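Next come the chains, spelled out residue by residue.
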Amino acid sequence: MICFQESTKAFKESNRKRNKKHHRCIWLSCHFPARKSNEFITTSNDYESPDLVFDILWFMGVNFRMKSMKTYCEKIVRNFVCFFYLLGLSYSFSIRMRSFIVEDKGAMIITEMIAFLCCIILWISLNMQRHKIIAINETTTSDQMCTSIIKRNSKRQRWINLISLMTIGSPIFTSALSMFISKATKEDINKHLTFLSFGFQLNIGTYYKYPILFVLRSCDLYICFVSSQMTCLLLSILSYNVHIRIKETEMQFETNIKEMNVLYSSSKALKSYKRMQKIILNLENAISLPLFYVIAFLLCELFALMSNIIHLVRISNGSSSLCVVVSATLTTGFHAVMLIFRVASVEESYHSLIRTFVNLPDDNLNPPYVKELLQMMKLLAYHDQLHLTAWGMIPIRRGFFLTVVGTLATYGVLLVQFT
């Protein structure tokens, strides 16, 4: 009997690894409330996270893998990459500080330095909140339900993989494109090399200048953008996961309304409503502080990029630099929009869930005090003001996107007028 249990356990483990290998984002699809005998039940059987997203976050020092034992090799690699990330942050911050002191570029460099400061604090806050972020993802469906959901959501998984790969590969692609533009237009790249090498004049041949510029610029762009962009993707996936779970619970509300036993149906709905409320509160506690710093980073970076675009358009002789700045603006803007809309969808889905809960029938409830109690709970749920915020300061709703666009437009107009 013991041998049979061990073989079954080994088979499940191999099956789980096989699924994980072929479905890199299996974690996202598996986190749905399972329907089991028409009840709202979830089981916990997997603590793994998607390899593609979380392993890229290694250089942020964030440990999302809940393992009791870690090999020495994994610890060494994780600490080395974390050290490399901090070293890169120091490098990028130093070259901008030197540019601000020597070249006195003003608002451009100030906003970039503020963005780097937000990026450093974001790294610290994510390390502080990692256990809370893990706690949100402790519920998964059964293996059979998970397999059917994977087949149904393969397109969503491919999109997540594509966005992740584009985010990771954008600095290399942008640096290569900028290098080819500089070579085709025979642009003087000594000023770019001087900026990226702390002001030192590199006396090397022209043939070696372009590869060195490509390496230094790729490293700078990786440190500047990829860490926070992957954090945006991470928080977007977390929010979308909770949004899907709320929608699934709402569908179960509508199914259970048709049951004959209204009291039993209402009690299940009340438990599910309280569970969803707890999940959203956990999500708020987990991502509130990192969300604040990632939004601060995105806004500061967008201000800096807009300043650079206006400056490069005015001098009209920096095609390669303009290519880098426009690419960074598009990437940052895309992740900012995705983050705002994904986080806002959680509150919208929750309000939809409340409306479904309030519309549950209570005419056939007996005794009368049970009916009064349910009506009181509906009234409390109707006036519930639960929403996701950035550190309790900024409620993240769709209207926040218009606020960001309006602020950037005002900043651009003022910058053009004063320069």
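- The name recorded for the protein in an unreviewed UniProt entry is Gustatory receptor, from Trichonephila inaurata madagascariensis.

1. Observations concerning the overall build of the protein
Stage number 1. If you tally the helices and strands in the protein, you get 13 helices and four strands.
Stage number 2. For the protein, the proportion of its 419 residues judged to be buried stands at 49%.
Stage number 3. Per element, the accessible surface of the protein, about 21700 Å² overall, is 66% carbon and sulfur.

2. A word on the packing of aromatic side chains
Stage number 1. Applying the stated criterion to the full structure yields nine aromatic pairs.
Stage number 2. Both rings, one in Y273 and one in Y350, keep their centres 6.3 Å apart while their planes meet at 15 degrees; by these two values the pair is stacked. Taken together, the residues Y273 in helix α10 (residues 262–315) and Y350 in helix α11 (residues 319–358) connect sequence positions 77 residues apart.
Stage number 3. The buried category is assigned to Y273, whose relative accessible area is 3%.
Stage number 4. By way of ring pairs, the aromatic residues F253, Y273, Y350 and F357 are connected into one cluster.
Stage number 5. Between K183 and the ring centre of Y210, over which it is positioned, the NZ or CZ distance is 5.8 Å.
Stage number 6. Over the aromatic face of Y240 sits the side chain of R342, whose NZ or CZ is 4.2 Å from the ring centroid.

3. Some points on the pattern of salt bridges
Stage number 1. Taken as a whole, this structure holds five salt bridges when the rule is applied.
Stage number 2. Taking the shortest distance from any N to any O, the salt bridge between R96 and E112 comes out at 2.5 Å. Highlighted residues: R96 in helix α4 (residues 72–102) and E112 in helix α5 (residues 107–136), separated in sequence by 16 residues. With respect to burial, R96 and E112 carry one shared label: buried.
Stage number 3. With a closest N to O distance of 2.6 Å, R398 and E348 form a salt bridge. Separated by 50 residues along the polypeptide, R398 in the loop between β4 (394–395) and α13 (399–418) and E348 in helix α11 bring together distant segments of the chain.
Stage number 4. Look at R398 and you get partly exposed, because its relative accessible area is 38%.

4. Quick notes on α10
Stage number 1. At I287, α10 is deflected by roughly 45 degrees, the largest bend along its length, and proline P290 occurs up to four residues later in sequence.
Stage number 2. Residue S316 follows α10 closely and has a positive phi angle near 50 degrees.

5. Quick look at the packing of α10 against α13
Stage number 1. At their nearest, the axes of α10 and α13 sit 10 Å apart, and the two run at 35 degrees to each other. In the packing of α10 onto α13, the handedness of the crossing is right-handed. Along the contact surface, α10 presents I295, L299, L302, F303, M306, S307, I310 and R314, while α13 presents F400, V404, T407, L408, Y411, G412, L415 and V416.

6. So, unusual backbone geometry
Stage number 1. In this model, F198 sits at a positive phi of 60 degrees, which is unusual for a non-glycine residue.
Stage number 2. Summarising the element assignment, F198 is placed in the loop between α8 (190–196) and α9 (206–256).
Stage number 3. You will see that W391, though not glycine, has its phi angle at about 60 degrees, which is positive.

7. Some words on the nonpolar core
Stage number 1. The biggest cluster of nonpolar side chains holds 73 residues, and the ones touching the most others in it are L291 and L339.
Stage number 2. Put simply, the parts of the chain that give this core at least two residues each are α4, α5, α9, α10, α11, α12 (368–382) and α13.
Stage number 3. Ranked by residues supplied to this core, first place goes to α10 with 24 residues.
Stage number 4. Residues within four places of L291 in sequence aside, it is in contact with L235, L339, V343, T389, A390 and I396.

8. Things to note about a nonpolar patch on the surface
Stage number 1. A cluster of nonpolar side chains, namely F198, F200, L202, I204, Y207, Y208 and I212, defines an oily patch on the protein surface of about 720 Å² accessible area.
Stage number 2. Of note, Y208 is situated in helix α9.

9. A word on the UniProt feature "transmembrane region" (unreviewed entry) in the protein
Stage number 1. The positions UniProt marks with the feature "transmembrane region" (unreviewed entry) are residues 76–95, 107–126, 159–181, 193–210, 222–242, 291–310, 322–344 and 399–418.
Stage number 2. Counted over residues 193–210, helix gives 50% and strand 0%. Its end C-alpha atoms are 9 Å apart.

Quick notes on the rules
Here the residue numbering is sequential within each chain, running from 1 through the sequence in written order. With pLDDT at 70 or above as the cut-off, local features in this predicted model cover only qualifying residues; side-chain atom pairs require 80 or more to be listed or tallied, and sums for whole chains, interfaces and linings still use all residues. Note that water and hydrogens are dropped before the side-chain values are worked out from all heavy atoms of the structure. The secondary structure listing takes helices from DSSP runs of H or I that are at least 4 residues long and strands from runs of E that are at least 2 residues long, numbered from the N terminus. Note on exposure labels: buried denotes an accessible area under 20% of the residue type's maximum, exposed denotes more than 50%, and partly exposed covers the range between, all computed with a 1.4 Å probe on protein chains only. Using a 1.4 Å probe, accessible areas were evaluated by the Shrake-Rupley method; residue-level cover was limited to the displayed protein chains. When two rings of Phe, Tyr or Trp (its six-membered ring) have centres within 6.5 Å they constitute a pair, described as stacked for plane angles under 30 degrees, edge-to-face for angles over 60, and tilted for the intermediate range. The rule is short: NZ of Lys or CZ of Arg within 6 Å of the ring centre and within 35 degrees of the ring normal puts a charge over the ring. Here, a salt bridge means any side-chain nitrogen of Lys or Arg that lies within 4 Å of a carboxyl oxygen of Asp or Glu. In this scheme, the bend at a residue equals the angle between the axes fitted to the seven residues that finish there and the seven that begin there. For every element, the axis is a line fit to its C-alpha atoms; helices are fit only across the contacting stretch, and the angle between N-to-C directions ranges from 0 to 180 degrees. What makes a crossing left-handed is the near helix being turned counterclockwise from the far one by less than a right angle; a clockwise turn instead makes it right-handed. Two residues qualify as a contact provided that any one of their heavy atoms is within 4.5 Å of a heavy atom in the partner residue. Residues belong to one nonpolar core when they are buried, are Ala, Val, Leu, Ile, Met, Phe, Trp, Tyr or Cys, and are joined through side-chain atoms within 4.5 Å. Residues enter patches when they are more than 30% accessible in relative terms and free of salt bridges; like-charged ones are connected within 9 Å and nonpolar ones (Val, Leu, Ile, Met, Phe, Trp, Tyr) within 5 Å. UniProt positions are given in the numbering used here, feature names are shortened, and annotations may be inferred rather than shown by experiment.

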